[in-house]
Every structure is written in C-alpha cells, then in structure tokens.
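Listed here are the chains, written in short residue letters.
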Amino acid sequence: MATLTEAATTRRSAQRTRRPRVKAAPYLFVAPFVLVFAAFNAYPIFFALQLSFTNWHGAGALEIIGFANYRYLLTSPDFWQSMATSGVLWLLVVPAQVLVALTIAVALRKARFRGLFSAALIAPFVTPLVAMAQVWIILFDQDFGAVNHGLSSIGLPTIGWLTTAAGAKVAVALLVLWRTTGYAVILLMAGLSTIPTEVYEAARIDGASAWHQFWSITVPLVTRTLSFVVVIGTLTVFQLFAEPYVVTGGGPFNATRTAGLYLYKHITNSDLGLGAANSMLLVLMVLALSLASIRLLRSREDS
Amino acid sequence: MKLGAAARYGLLTVAGVVSLAPLLWMMVSSLKPGGAIIASPFSFDPGQLTLTNFRSMLETIPIGTGFRNTAIVVLVKGALTMVFCPMAGFAFAKYAFPGKRLLFATVLTTLMLPTLVLLIPLLLEMSQLGWVSTFQALILPGAIDAFGVFWMRQVIMAIPDELLDAARVDGAGELRIFTSIVVPVIRPGLAALGVLTFINIYNDFVWPVVAVNDEQHQTLQVMLAALAQNIRSGQLGADWTSVWGQLLAASTVAAIPVLIVFVVLQRHLIKGVMAGSLKG
C-alpha cells in the first residue's frame, strides 16, 4: 500500500512538470458519477431526512413537527408488524439459504460440468421477478395450483398457500429462496476457490475426517464470504418489496406486509413525512443488522 | 467435506432441476389450453399445444409498447452506466487527488443503502422537475451503479502503471489513455458489467412502478404486474382458466429476452457475480 501511494505521488509530480492539465483529469473522470450521485442519491437522502421531521403530505410548506413521526411509528402496531413480518421472512430465508448454498457449493467444487450446473443454478436470479411472481401465484393457488395438486396426488393435505398467514409467508420465502440461492452458491464457490488444496491434503495426512475438514477448514476459511452472503440476504429480505407486492399484495390480512411494503403504503396514502421517517428507521435497521451479522461471523472467525 | 460422487451429483442434479422446473413449467404451461393448466398441471401432450394464450395476451396488454419502453431504458441507461462506471473506476484506480478517499467511501456506503429509502424523496424530486412519467425519470437516477464503479476500480488497478506512463511519454492525453489503453484492456470486465447491468435494468420493477403512472411509458415488468393485479381484483372476469394462460404467456414473453442474453453470455455474468464476492 505504501509503495502504491508512493508510486502514485512520484507519478503525479512527474506529470505535473510535464503535463499541467493532468490535475484536472481525475475530476473530469469522476464528474459524471459525482453529478448523478449528488442529484439522485445525496440530495434525496438529505431531503428525506428533513422530510422525516415534517408532516408533509405532498403539497404546501414544510411544517416541522420534531420527532412526532418517529414516535408514531415506534409505537404503531402496524410498523412493528411489518418489521416482525420481515423478521419472520429473514428466519425462513437466510439460515436455510446459507445451509443449502454452502452444501451445494462444496458439492460443486470438485464436480464436473461445473459451468452447466452454475448456469442452471443462477438462471432463477436472472429471470424477471415479476414474471416469476405470476408463476408463483398460479403454482401456489389453493384450489387449482400445481403445488396443492401435487400434494393431494401423494395423499397429503392441501395448504392455503396464499390465503393463510403462515402459508403466504412460506410461499413468499420460497420464491426468495428459489431466486437468490443460486447467487449465494456462486459467491460461495468464489470464496471456496481461494482455499489452497494443500490445506486439505495436510489435514488428510493428519487423519482428519471429512466432517472435521469441513467444520475446521472450509467453514472458517469461507467465513468472510459467508458473512457477505448473510449481509446480502439480510439486505434483500428487509428491502423485500416486489415479491409480496405482486404475489400477495401484502395479504392475507397484512401477513406478508414487509417493512418495504409498509413503507410503500405511506406513498400511496401521501403520508410523505411519515414515510420518510419510516425510510430512516429502515436504513438504521438494515445497517444495524448488516453490522451485527458481520460482527457475529467475525467473532467466530477469531475463536 | 468429501461427498461420495453419487451423492454429489445426485444433490447437484436435484438442485439444478429445482432451479429450472418453475421456468420450464411456465413455458410449457403457457402453450397449453387454459383448462389443462388447472386440470392436469404436470401433463405434457405435444398435440394439445396452442398459441391461444399468446393471442389473447396480445389483446389484453400493449406488450409492444412495454418492450419498446424497456428497450429505450435498457439501451440509454445501460450505455450511460457502461461509460460512467469505468470512468469513475479509472479515476479511483489510477490517480491521487484531493477528495478521493471521501468520494470512494461514498461509493462503498451507497452499496449498503436500501433503494427503498430513496423512493419518496426521489419521487418528489421528479415531480419538482416535472419528470414524472418520463424517460428521464426512468433513466437518469440509475445512470450510475456503485457496484460497477467499485468493480471497475478493481479491474483497472490490475493494469500496470508503466503501460499508462509509457503512453504519456509518447504524448498521449489522459482521455486518449483511457479510451485507447484502459478500455481495450478491461473489455472482459466490461462485458461482465454489461450483462449484469442489462439484467438489472431489464428486470427493474420498484422504481419504474413508482416513477411512471401512464401506460405510454410503462416498462414491460410494470405492465405485467398491472395485469396480475387486474386479474386478482377480478377485472378480467372470473374465468381463471383463460386468464392464467394469458398471465403465463405474458410472463414467458417477458422472460425470454433476458434468458437468451443469459444463455449466450452466462460465463460473463458468473464472473461478474464472483467478482462481487472476492472483492467484497
């Protein structure tokens, strides 16, 4: 790093004597990024922060009402229900995803036709979500859907996938799992590929069992990638919008109204100040969860 | 963990089938007469296949307009992203300049920011600018991609400084160095970014559904979601056998372009996804 900065400095001073206008060059190269960022990211975020302290409904002057929006949300059963719904979906999605993706990635590591399998696994990730959400509606229909058709043909009771609170959560969770697990597999494969094979050979010579190798070599060495997978999963679940929006519309009886969908409700109600406050709470939530996931997995790495 | 070969390939085959089954089911069922989707969802009778669902789908939604709008957004927004990301990445990788650390920290923070947070203020900004239901609104806010900048920086850092300095000695300007040395060298990384960008923009739903409320500017995905909602609320009638077929036909039509791109360029895509993990 030191040499890199050093090289950069000497190069810069060399350029300064030879080519004075080079100092403007980096700014010109980042200018489009900075402009787009300032106009459509930075400005809106500060605006949202400001709005979150107002009771604005989309017209008229901004009236500052202090922390009233935050107080309202933090004492509102609807807000907590939406958070709890996201929490339940997190529990349904993330642990299962880590387990399944890691198993598949390990199996894939030494398999032949790796490219073919990877392609099959990541195909759901590229398919338009809205299209697949429609397929889910049809597959999981209580009376005519293929899933219940399959269940009853092997003598199992049918389930009200989209009509009961528990069923709807499971159906949405399955859609998220189906779409994103392949992505996690590819990430984990990349992580696994950085483990030198010599480590396994040494362990084998020492007589380590397969399970022991997995638990004391693979898992610790892939922790960084695992924490990345957990963070991405957490971000995905707490921002979940399109899946419940299209598949269940948040129902039945708000059973799948996620944090993201609840936020959207403020927009349709024109409660923009309240919605902005909700956004800020969501940011804090997502940041806290991401940091906690990283912390948790790091401490495992240290021990 | 060492798995037996049989167990390994068994597991991978099951995973592959589970991944592809809903897609195949969608495509096959879209070609079945409506009643058959319900009565025998797992049957396959080639003699029965029909294009009826696709024909009635064309009557229900202006899918051509959806495709045109999506194409405009994908092309313009994709092109901007593909130009802006390597430019910013080049500046971050190969120059020292005041403000660089702060700017780069900004890029990293943007990666963690929930997109939903921007929804309300961005929508208000669009209405202040008079951009609601315009292509500008669909294109400009997403014309830069933090992951793209971050990743292009990693790719460009691998280019030896000597190569750039040699060109400077020969009298090449900085822009010239970027266009005729950097860009050709990073072409594989750029291809991966291109595939990821295409897929993201083509499939984008949340922003288009908020930013556009007229049919003229609706993208394909928004159109599809609207069709589904109309069906759920019973606006297209209670005859589910016919509407399900339409829904599957529309979904298939929306999925096929992106699946073709994926099949042709999947190596690049997987490389891009992997880059996200190794560098992240």
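Under an unreviewed UniProt entry, chain B has the name Carbohydrate ABC transporter permease and belongs to Kribbella sp. HUAS MG21. Taken verbatim from the UniProt record of chain B, the Subcellular location (unreviewed entry) comment is "Cell membrane". Per its UniProt entry, chain B bears the Sequence similarities (unreviewed entry) comment "Belongs to the binding-protein-dependent transport system permease family."

Looking at an unreviewed UniProt entry, one finds chain A named Sugar ABC transporter permease, with Kribbella sp. HUAS MG21 as its source organism. Reading the Sequence similarities (unreviewed entry) entry of the UniProt record for chain A gives the comment "Belongs to the binding-protein-dependent transport system permease family." Database annotation for chain A, UniProt heading Subcellular location (unreviewed entry): "Cell membrane".

### What about the overall build of chain A?
What chain A contains, in helices and strands, is 14 helices and zero strands. Each helix (α) and strand (β) of chain A, taken in turn from the N terminus, gives the series α-α-α-α-α-α-α-α-α-α-α-α-α-α. Over its C-alpha trace chain A gives a radius of gyration of 25 Å, far above what one expects of a compact globule, namely 19 Å for 303 residues. Going through the 303 residues of chain A one by one, you find that 54% of them count as buried. Long-range pairs, those at least 24 residues apart, make up 67% of the contacts in chain A with a sequence separation of at least 6. Carbon and sulfur atoms make up 68% of the accessible area of chain A, which totals about 13600 Å². For chain A, the distance from the average site of its 21 positive side-chain charges to the average site of its 12 negative ones is 13 Å.

### Some words on the UniProt feature "transmembrane region" (unreviewed entry) in chain A
Residue and element names in this part refer to chain A. Mapped onto the present numbering, the UniProt feature "transmembrane region" (unreviewed entry) falls at residues 25-46, 88-108, 115-139, 159-178, 221-242 and 272-297. Secondary structure across residues 115-139 comprises 92% helix and 0% strand; the distance between its end C-alpha atoms is 29 Å. The span residues 159-178 carries 70% helix and 0% strand; its end-to-end C-alpha distance comes to 19 Å.

### Points about the nonpolar core
Core analysis: the largest hydrophobic core is formed by 193 residues, its most contacted members being Phe-241 of chain A together with Phe-90, Phe-92, Phe-205 and Leu-269 of chain B. No other element matches the 16 residues that helix α14 (residues 240-279) of chain B contributes to this core. Setting aside residues no more than four positions away along its own chain, Phe-205 of chain B makes contact with Val-130, Phe-241, Ala-242, Tyr-245 and Val-246 of chain A together with Gln-221, Val-222 and Ala-225 of chain B.

### Description of the interface of chain B and chain A
Contacts between the two partners involve 100 residues from chain B and, on the opposite side, 101 residues from chain A. Taken together, chain B and chain A are joined by zero salt bridges. Scanning the region where chain B abuts chain A turns up nine residue pairs in polar contact (both at pLDDT 80 or more). By residue number, the principal contributor to the side of chain B that touches chain A is α14 of chain B, which donates 18 residues.

### What to know about the UniProt feature "domain: ABC transmembrane type-1" (unreviewed entry) in chain A
UniProt tags residues 83-293 of chain A as "domain: ABC transmembrane type-1" (unreviewed entry). Each end of residues 83-293 of chain A is marked by a C-alpha atom, and these two atoms are 17 Å apart; helix forms 77% of the span and strand 0%.

### Section: the UniProt feature "transmembrane region" (unreviewed entry) in chain B
Residue and element names in this part refer to chain B. Taking the numbering used here, the UniProt-annotated feature "transmembrane region" (unreviewed entry) corresponds to residues 9-28, 71-93, 102-124, 130-151, 177-202 and 243-265. Counting secondary structure, residues 9-28 comes out at 100% helix and 0% strand; the distance between its end C-alpha atoms is 26 Å. Between the end C-alpha atoms of residues 177-202 the distance is 32 Å, and the span holds 96% helix and 0% strand.

### Remarks on the confidence of the model for chain A
When pLDDT drops low, the exact placement of atoms in the prediction is not to be read closely. All names here are of chain A. In the predicted model, chain A carries a mean pLDDT of 87, and the fraction of residues at 70 or more is 91%. Mean pLDDT across the elements of chain A ranges from a minimum in helix α1 (residues 2-18), with 48, to a maximum in helix α3 (residues 68-74), with 96. Predicted confidence is poor over residues 1-6, with pLDDT under 50, and the contacts of this stretch with residues over four places away or in other chains come to zero contacts.

### Here's the deal with helix α9 (residues 161-169) of chain B
Residues and elements named next belong to chain B. Along α9, the residues that are buried comprise Leu-164, Ala-167 and Arg-168. The arc that holds the buried residues of α9, viewed along the axis, is 105 degrees, so those residues lie on one side. Residues of α9 that are exposed and angled more than 90 degrees away from the buried face: Glu-162 and Val-169. Looking one or two residues beyond α9, the residue adopting positive phi is Gly-171, at roughly 95 degrees.

### What to know about the packing of helix α8 (residues 146-157) of chain B against helix α11 (residues 187-203) of chain B
All names here are of chain B. Orientation of α8 relative to α11, taken along the N-to-C sense of each, is 170 degrees, at an axis distance of 11 Å. Between α8 and α11, the angle is such that the two are roughly antiparallel. Viewed along their axes, α8 and α11 form a crossing whose handedness is right-handed. Contacts between α8 and α11 involve Phe-147, Gly-148, Trp-151 and Met-152 from the first element and Gly-189, Leu-190, Ala-192, Leu-193 and Leu-196 from the second. Residue composition of the contact of α8 with α11, by class: seven nonpolar, two polar and no charged.

The rules behind the values
Residues numbered from 1 in each chain as written. Chains lettered and ligands numbered in written order. Predicted model: local features only at pLDDT ≥ 70, side-chain atom pairs only at ≥ 80, totals over all residues. Heavy atoms only, no water. UniProt positions renumbered as here; feature names shortened; annotations may be inferred. Helix = DSSP H or I, 4+ residues; strand = E, 2+ residues; numbered from the N terminus. Rg over C-alpha atoms; globule rule 2.2 N^0.38 Å. Buried < 20%, exposed > 50% of the residue type's maximum accessible area, 1.4 Å probe, protein only. Contact = heavy atoms within 4.5 Å. Areas by Shrake-Rupley, 256 points an atom, 1.4 Å probe, with all protein chains shown as cover. Lys, Arg positive; Asp, Glu negative; His and termini not counted. Charge placed at Lys NZ, Arg CZ, Asp CG, Glu CD. Core = buried A, V, L, I, M, F, W, Y, C linked by side-chain atoms within 4.5 Å. Salt bridge = Lys/Arg side-chain N within 4 Å of Asp/Glu carboxyl O. Polar contact = N/O pair within 3.5 Å; in protein donor to acceptor, adjacent residues only side chain to side chain. pLDDT = per-residue confidence, 0-100. Arc of directions from axis to C-beta. Axes fitted to C-alpha atoms, helices over the stretch in contact; angles between N-to-C directions. Parallel < 35°, antiparallel > 145°, perpendicular 65-115°, else oblique. Left-handed = near helix turned anticlockwise from the far one by under 90°. Nonpolar A, V, L, I, M, F, W, Y, C, P; charged D, E, K, R; others polar.

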